[in-house]
Amino acid sequence: MSCESLWINVGLATFDPRALPGDPYGIIEDAALAVDQGRILWLGPRAELPVKFQPRLVHDGKGAWITPGLVDCHTHLVYAGNRANEFEARLEGISYAEIARAGGGIAATVAATRRASLDELVSSSSARLARLVAEGVTTIEIKSGYGLTSASELQMLRAARALAALYPVHITTTLLAAHALPAEFEGRPEDYVSLVCDEMIPDAARLGLADAVDAFCETIGFSEAQTARVFDAARRFRLPVKLHADQLSDGQGAALAARFGALSADHLEYTSAAGVAALAKAKTVAVLLPGAFYFLREKQLPPIDALRREGVPIAVATDCNPGSSPCTSLLLMLNMACTLFRLTPAEALAGATRSAALALGLGHCKGRLAPGWDADLAIWQVGHPRELCYAFGSNPLIESVYAGQAHGPG
Ligand code: NIG
Ligand code: FE
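Since we're looking at a predicted model, the values are computed, not measured. (Residues numbered from 1 in each chain as written. Chains lettered and ligands numbered in written order. Predicted model: local features only at pLDDT ≥ 70, side-chain atom pairs only at ≥ 80, totals over all residues. Heavy atoms only, no water.)

## Here's the deal with the coordination of the iron ion (ligand 2)
Here is the rule we go by: Coordinating donors are taken as N, O and S atoms within 2.8 Å of the metal, stretched to 3.2 Å for Na, K and Ca; because water is absent from the atoms, sites can appear incomplete. Secondary structure counts use DSSP, requiring at least four H or I residues in a row for a helix and at least two E residues in a row for a strand, with both numbered from the N terminus. Accessibility here uses a 1.4 Å probe with only protein chains present; expressed as a share of the type maximum, an area under 20% marks a residue as buried, one over 50% as exposed, and anything in between as partly exposed.
The coordination sphere of the iron ion (ligand 2) contains the protein donors His74 (NE2), His76 (NE2), His244 (NE2) and Asp319 (OD), at a distance range of 2.0 to 2.4 Å. Read N to C, the donor residues that coordinate the iron ion (ligand 2) are spaced as H-x1-H-x167-H-x74-D. Of this pair, His76 sits in the loop between strand 6 (70–72) and helix 1 (84–91) while His244 is found in strand 10 (residues 242–245), placing the two residues 168 residues apart along the sequence. Like His76, the residue His244 is buried in the burial classification.

## Points about the pairing of strand 7 (residues 137–143)
Remark: a regular strand shows side chains that alternate across the two faces of the sheet. Note the following rule: The rule for pairing is simple: two strands pair if DSSP sees at least two bridges between them.
Within strand 7, 7 of the 7 residues are buried, leaving the element largely enclosed by the surrounding structure. In this structure, strand 7 lies alongside strand 8 (residues 170–178), joined through 5 bridges in parallel fashion. Directly across from Lys143, in strand 8, lies its bridge partner Thr174.

## A closer look at the pattern of salt bridges
The line we're drawing: We define a salt bridge as a side-chain nitrogen of Lys or Arg found within 4 Å of a carboxyl oxygen belonging to Asp or Glu.
Tallied over the full model, the rule gives 16 salt bridges. Close ionic contact of Asp16 with Arg368 constitutes a salt bridge, the shortest N to O distance being 3.4 Å. With Asp16 in the loop between strand 1 (2–13) and strand 2 (27–36) and Arg368 in the loop between helix 14 (354–359) and strand 14 (377–380), this residue pair connects regions lying 352 residues apart in the sequence. Residue classification places Asp16 among the buried positions, given a relative accessible area of 7%. Bridged by salt links that share partners, the residues Arg39, Lys366, Asp374 and Asp376 form one connected network.

## Focus: the packing of helix 6 (residues 189–206) against helix 7 (residues 224–236)
To keep it simple, the criterion reads: Lines are fitted to the C-alpha atoms to define the axes, a helix being fitted only along its stretch in contact, and any angle between axes, read from their N-to-C directions, falls within 0 to 180 degrees. For classification, angles of less than 35 degrees are called roughly parallel, those exceeding 145 degrees roughly antiparallel, those between 65 and 115 degrees roughly perpendicular, and all remaining angles oblique. Should any heavy atoms of two residues lie within 4.5 Å, those residues are counted as being in contact. Residues are grouped as follows: nonpolar covers Ala, Val, Leu, Ile, Met, Phe, Trp, Tyr, Cys and Pro; charged covers Asp, Glu, Lys and Arg; every other residue, Gly included, is treated as polar.
Packing of helix 6 against helix 7 brings their axes to within 9 Å, and their N-to-C directions diverge by 10°. Overall, the two elements helix 6 and helix 7 adopt an arrangement that is roughly parallel. Residues Pro189, Glu190, Val193, Ser194, Val196, Cys197 and Ile201 of helix 6 form the contact with helix 7, whose participating residues are Gln226, Arg229, Val230, Ala233 and Ala234. The residue inventory of the contact of helix 6 with helix 7, partitioned by class, reads 8 nonpolar, 2 polar and 2 charged.

## A few points about the site of ligand 1
Note the cut-off: It suffices for a single heavy atom of a residue to lie within 4 Å of a molecule or strand for the residue to be listed as near it. Pairing of N or O atoms within 3.5 Å defines a polar contact, subject to two protein rules: one partner must be a possible hydrogen donor and the other a possible acceptor, and residues neighboring in sequence count only if both atoms are side-chain atoms. The accessible surface values rely on the Shrake-Rupley method and a 1.4 Å probe; as for residues, cover is taken only from the protein chains in view.
Around ligand 1, the surrounding shell holds 15 residues, and the nearest of these are Arg83, Tyr96, Tyr146, Gln247 and Ser324. A distance of 2.6 Å is found between an oxygen atom of ligand 1 and a side-chain nitrogen or oxygen belonging to Tyr146. Separating an oxygen atom of ligand 1 from a side-chain N or O atom of Ser324 is a distance of 2.5 Å. Summarising the interface, the protein chains cover 100% of the accessible area of ligand 1, which totals 330 Å² for the free molecule.

## Focus on the side chain of Thr173
Here Thr173 lies in strand 8. On the accessibility criterion, Thr173 (0% relative accessible area) is buried. Within the local environment of Thr173, its side chain forms a polar contact with the backbone oxygen of Leu209, the two atoms lying 2.6 Å apart. Ignoring anything within four residues of it in the chain, the contact list for Thr173 reads Ile142, Leu157, Ala160, Arg161, Leu209, Ala210, Asp211 and Ala212.

## So, unusual backbone geometry
The backbone phi angle of Phe15 is positive, close to 50°, even though this residue is not glycine. Among the structural elements, Phe15 can be located in the loop between strand 1 and strand 2.

## Quick word on the packing of aromatic side chains
Note the threshold: Aromatic rings from Phe, Tyr and Trp, taking only the six-membered ring of Trp, are treated as a pair when their centres fall within 6.5 Å; an angle between ring planes under 30 degrees marks them as stacked, one over 60 as edge-to-face, and anything in between as tilted. For a lysine, the NZ atom is tested; for an arginine, the CZ atom; a charge sits over a ring if that atom is within 6 Å of the ring centre and within 35 degrees of the ring normal.
Throughout the structure, instances matching the rule amount to 8 aromatic pairs. Ring centres 5.3 Å apart and planes at 75° place the aromatic pair Phe231 and Phe260 in the edge-to-face group. Here Phe231, found in helix 7, pairs with Phe260, found in the loop between helix 8 (253–259) and strand 11 (264–267); they are 29 residues apart in sequence, far enough to count as distant. Each member of the pair, Phe231 as well as Phe260, carries the same accessibility label: buried. Measuring from centroid to centroid gives 5.0 Å for Phe293 and Phe341, while their planes differ by 75°, and the two rings are edge-to-face. Here Phe293 is found in helix 10 (residues 290–295), whereas its partner Phe341 is found in the loop between helix 12 (330–339) and helix 13 (345–351), with 48 residues between them in sequence. Accessibility classification places Phe293 together with Phe341 in one group, the buried group. Through a chain of ring-to-ring contacts, three or more aromatic side chains come together here, namely Phe185, Tyr192 and Phe222. Arg90 extends its terminal NZ or CZ atom over the ring of Phe295, reaching a point 4.8 Å from the ring centre. A cation over an aromatic ring shows up here: Arg128 above the ring of Tyr79, its NZ or CZ 3.6 Å from the ring centre.

## A few points about the domain arrangement of the chain
Our working rule: Domain delimitation in this document rests on an assignment produced automatically or drawn from a domain database. Once two parts are put together, the accessible area they lose, assessed with a 1.4 Å probe and summed over both, is termed the buried area.
Split by domain assignment, the chain resolves into domain 1 (2–68 + 368–402) and domain 2 (70–359). Inter-centroid distance (C-alpha atoms) of domain 1 to domain 2 is 30 Å. Each partner contributes residues to the interface: domain 1 has 25 residues there, and domain 2 has 22 residues. Of the roughly 1700 Å² buried where domain 1 meets domain 2, counting both sides, 67% is carbon and sulfur surface. Considering only the surface of domain 1 that becomes buried against domain 2, Phe15, Cys389 and Tyr402 emerge as the three largest contributors, covering 36% of it. Where domain 1 touches domain 2, the interface holds 0 salt bridges.

Given below as structure tokens:
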């Protein structure tokens, strides 16, 4: 039977709940994993490897561990400039919201991003993507949201799509035109929301540039009613939705996301018990962003215990962006999810694999090691996968594989 490659002498952390009921890592020790045509053909204990496989390439893992390729399910990777000046200002006591109200914050990045050409956006973002890929990320979501005109939002999405040709990585794009009110619409938020609904969403959908639609539902973003208008428009174009919800205040964002059957609700620091129950009912993934929590020096923790109790899938992502999380390390986020949010290492890792794939609508093909799933693998020099959450500031990646194509750590 044809089989392109076979890994032997490896441990597998499958994150497949069917692999070993009760084991949150889904571990198979002394395993073998066979790949053909970009998919996982077979995996299991090496002793049970069927003799019918005739692999063209055999990799001896020498005791390394394989996890699913990491999935970074919430990033604003494409942007121009940086906001180190605001970081300094915040350390002097000015808040993130005050900076935003004074015309800085997202608006500052919007000004820089509008000035940048497509090539400039691709090259500055490419350097950030290289760092994520070098840590085993094989799937990444990239949002627009720093253009806020039709042309500039579409250019951001084009830059995100163009990055897929440069790296062995699967990229999904999200239109986040409802990220902030652009200055030219000051005092006319409903008119801007109309532009988003009547022009930007239809154009992005028609051009195939967006895989989902997101919004920032917040006092410094858009109201519940305005967000609902955006989501109604997304629904008309059959685009799934996601939401920046309850990050700085309880704006009922989680319940709103659930009402629209959102793929994910993200941040969630101020989400109420009712919001958590709504997410559980809608099977919406809770995406936790410890980088933004840390960098904004937030005190209010997301409702982790309630999310666990209600069985809401929990994902972890970088939120890579210039204002609240200038971070290109998903491994660091795993550590912070444990230290700041008290996730277990297994929960954090499931959050950057299986649950992150669910948050992108890719739960059927990414984020776990299972027969038929895409052969996106990350191969690590560790004694146990929990070490990926324990050590920080280091990178034990040996090699990653994106849909059957092997490459070095970068
Ligand atoms: O996810 N909350 C809104 N959006 C980003 C921050 C954007 C920015 O400050 O540039 C976030 O934290
Ligand atoms: Fe974000």
